[in-house]
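These are the residues of each chain, in order.
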Amino acid sequence: MSARFFANELDAPHMPQIHYLPDDRTIEIDDDDIILEASLRAGIPHTHICGGSARCSTCRVLIVEGLEFCSPRTSPEEELAKKLRLEPEIRLACQTQVAGGKVILRRLAIDSEDLESFNDEMSGKLISPPVGQEKKIAILFADIRGFTPFAESLLPYDVIYVLNRYFQKMGFAINRNGGMINNYMGDGLMALFGLENPDKAAEQAVRAGVEMLEELEKLNPYFENLYRHQLRIGIGIHCGWVVVGNLGALKNQTVTAIGDAVNLASRIEAANKQVGTSLLISEETYQEVKELAIVNQCVSVQIPGKSGEYPLYEVVGMPPLPVEIEEVSEEGEGSIWQSFVNKLLALYAVVYNWIRKIYS
């Protein structure tokens, strides 16, 4: 064998390697090691907001050299890459394995605050919880119709007074049904249902929407007497997957939800203007509550930013919740009667909807 061959053998790495930029640091790894895991094991401050599950892009890296030593994109990475239109050289560190050679890469999320948090984690000073958690919840948006011209006719203190009375009543209806208002937007609000238990999130949201309309009906005579004006609102509800997490400065964080489902719920609320309704729910929500909800009509609506038409259902009522029979009888008997009353109320809703369809 030639001296040149022996020299190349000596120079060649015996194990795969990753060289990090801008850290200018090289580490040896095992074959088929995942880049993110190798980074964290070596103490490289590699940002990974979603915890390494391909649900964010903060761990992405630019492969400067050695793309051929990287594994093909996984299905989750491929989906995210298409959505973000990432070039082949941009890879998710949490999904990419390295085998058979040296890879030179550049971390793309580099921030002094991220670095400080990482150092605290490594030294045991901080146990950082996940920034968000993916959940299926119900999202409710509500907005007052024509509030701006009405508010312009009032003194600023009166505007605050009207809004506070309105939000107080709406908040009661939302809280009674297991929801939480997490955002106020002028005269609008956003509420979340199912943060703790998603099983009845849709039913809770729809019940809250119906009760909000009832509360407003009770409140309007007061506004009519005081300001010669009655409030009208639109409510939109959708169930879907979102990322729920804390948002804002560290000392002023609030729980919020981010995702396409939130945007769709907002668009559904706005669709009330288009079809002249007060409470619309999505197909996904309807499938969860169709045995209970009293539906007046189903309309097909084009949603801004979406292709095609979406079926939306106008809800005009919900049967009342059964009384808690368990409080006045034996637990076993109460459960039987509770189940019977629930089925009776569900049957009432089905018959009511059937009669409406025949005579509409």
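Residues numbered from 1 in each chain as written. Predicted model: local features only at pLDDT ≥ 70, side-chain atom pairs only at ≥ 80, totals over all residues. Heavy atoms only, no water.

Novice: Quick one: what's the story with the overall build of the protein chain, residue by residue and with numbers?
Specialist: Tallying secondary structure elements over the protein chain gives 10 helices and 15 strands in all. A fraction of 65% describes how many contacts in the protein chain between residues 6 or more apart in sequence connect residues 24 or more apart. On the protein chain, roughly 20,900 Å² of surface is accessible, and the fraction owed to carbon and sulfur atoms is 53%. (Helix = DSSP H or I, 4+ residues; strand = E, 2+ residues; numbered from the N terminus. Contact = heavy atoms within 4.5 Å. Areas by Shrake-Rupley, 256 points an atom, 1.4 Å probe, with all protein chains shown as cover.)

Novice: So what's going on with the sheet that holds strand 2 (residues 25–28)? Which residues, and what values?
Specialist: In space, the five strands of this open sheet follow the order 2-1-7-4-5, with mixed pairing throughout. Every interior strand has two partners, whereas the edge strands, strand 2 and strand 5 (90–92), have only one. Going from strand to strand, the sheet's axes swing by 35 degrees on average, the running direction of each strand aside. Sheet topology places strand 4 (residues 60–65) next to strand 7 (residues 102–107); four bridges connect them, and they run antiparallel. Residue pairing across strands places Val61 opposite Arg107, the latter belonging to strand 7. (Pairing = 2+ DSSP bridges. Axes fitted to C-alpha atoms, helices over the stretch in contact; angles between N-to-C directions.)

Novice: With reference to specific residues and values, describe the environment of Glu77.
Specialist: With respect to the helices and strands, Glu77 occurs in helix 3 (residues 75–84). Taking the C-alpha atoms as reference points, Glu77 and Arg55, separated by 22 residues in sequence, lie 8.7 Å from one another. When residues no more than four places from it in sequence are discounted, the contact partners of Glu77 are Ile90, Arg91, Leu92, Gln95 and Thr96. Here Leu92 takes part through its backbone nitrogen, which lies 2.9 Å from a polar atom of the side chain of Glu77. (Polar contact = N/O pair within 3.5 Å; in protein donor to acceptor, adjacent residues only side chain to side chain.)

Novice: So what's going on with the pairing of strand 15 (residues 309–317)? Residues and values would help.
Specialist: In terms of strand pairing, strand 13 (residues 279–282) meets strand 15 through three bridges, oriented antiparallel. Paired with Leu280 across the two strands is Glu314, which belongs to strand 15. With eight bridges connecting them, strand 14 (residues 294–302) and strand 15 associate as antiparallel partners. From the neighbouring strand, Cys298 faces strand 15, where its bridge partner is Tyr313. Counting the residues between successive antiparallel strands, the hairpin from strand 14 to strand 15 contains six residues, one of them, Gly305, with a positive phi of roughly 85 degrees.

Novice: An account of the pattern of salt bridges is requested, with residue identities and associated values reported.
Specialist: Summed over all chains, the structure comprises 12 salt bridges. In this structure, Arg145 engages Glu269 in a salt bridge whose closest nitrogen and oxygen atoms are separated by 2.7 Å. Residue Arg145 is found in the loop between strand 8 (132–144) and helix 5 (147–152), and its partner Glu269 is found in helix 8 (residues 260–275); the two are separated by 124 residues along the sequence. One exposure class covers both Arg145 and Glu269, and it is buried. Residue Glu211 pairs with Arg176 through a salt bridge whose shortest N-O separation is 3.1 Å. In this pair, Glu211 sits in helix 7 (residues 201–227) while Arg176 sits in helix 6 (residues 156–176), placing the two residues 35 residues apart along the sequence. (Salt bridge = Lys/Arg side-chain N within 4 Å of Asp/Glu carboxyl O. Buried < 20%, exposed > 50% of the residue type's maximum accessible area, 1.4 Å probe, protein only.)

Novice: With reference to specific residues and values, describe the packing of aromatic side chains.
Specialist: The final tally for this structure, using the stated rule, is six aromatic pairs. Plain terms: the ring middles of Phe147 and Phe150 are 5.9 Å apart, the flat faces sit at 70 degrees to each other, and that makes the pair edge-to-face. Within this pair, Phe147 and its partner Phe150 are both found in helix 5, separated by three residues, close to a single helical turn. Where Phe150 meets Tyr227, the ring centres are 6.2 Å apart and the plane angle is 75 degrees; that geometry is what we call edge-to-face. Of the two residues, Phe150 sits in helix 5 while Tyr227 sits in helix 7, which places them 77 residues apart along the sequence. Judged by relative accessible area, which is 7%, Phe150 ranks as buried. The class of Tyr227 is buried, set by a relative accessible area of 18%. Over the ring of Tyr222 we find Arg165, and its NZ or CZ is 4.7 Å from the ring centre. (Phe/Tyr/Trp six-rings, centres within 6.5 Å; stacked < 30°, edge-to-face > 60°. Lys NZ or Arg CZ within 6 Å of the ring centre and 35° of its normal.)

Novice: Break down the nonpolar core for me, with residues and values.
Specialist: A general tendency of soluble globular proteins is for nonpolar side chains to be buried together. Judged by nonpolar contacts, the single largest core of 46 residues is most densely connected at Leu140, Phe147, Tyr166, Leu189, Phe193 and Leu231. Excluding its chain neighbours within four sequence positions, the residues that come into contact with Phe147 are Val159, Val162, Leu163, Asp187 and Leu231. Core analysis: the next-biggest nonpolar cluster, separate from the first, contains 23 residues, Ala54, Ile90, Ala93 and Val103 among them. (Core = buried A, V, L, I, M, F, W, Y, C linked by side-chain atoms within 4.5 Å.)

Novice: Just give me the short version of a nonpolar patch on the surface, but keep the residues and values in it.
Specialist: Taken together, the side chains of Tyr161, Tyr222 and Leu226 present a nonpolar region at the surface, about 260 Å² in accessible area. Relative to the elements of secondary structure, Leu226 occurs in helix 7. Looking at Leu226, the relative accessible area reads 43%, which means it is partly exposed. (Patch = residues over 30% accessible without salt bridge, like charges linked within 9 Å, V, L, I, M, F, W, Y side chains within 5 Å.)

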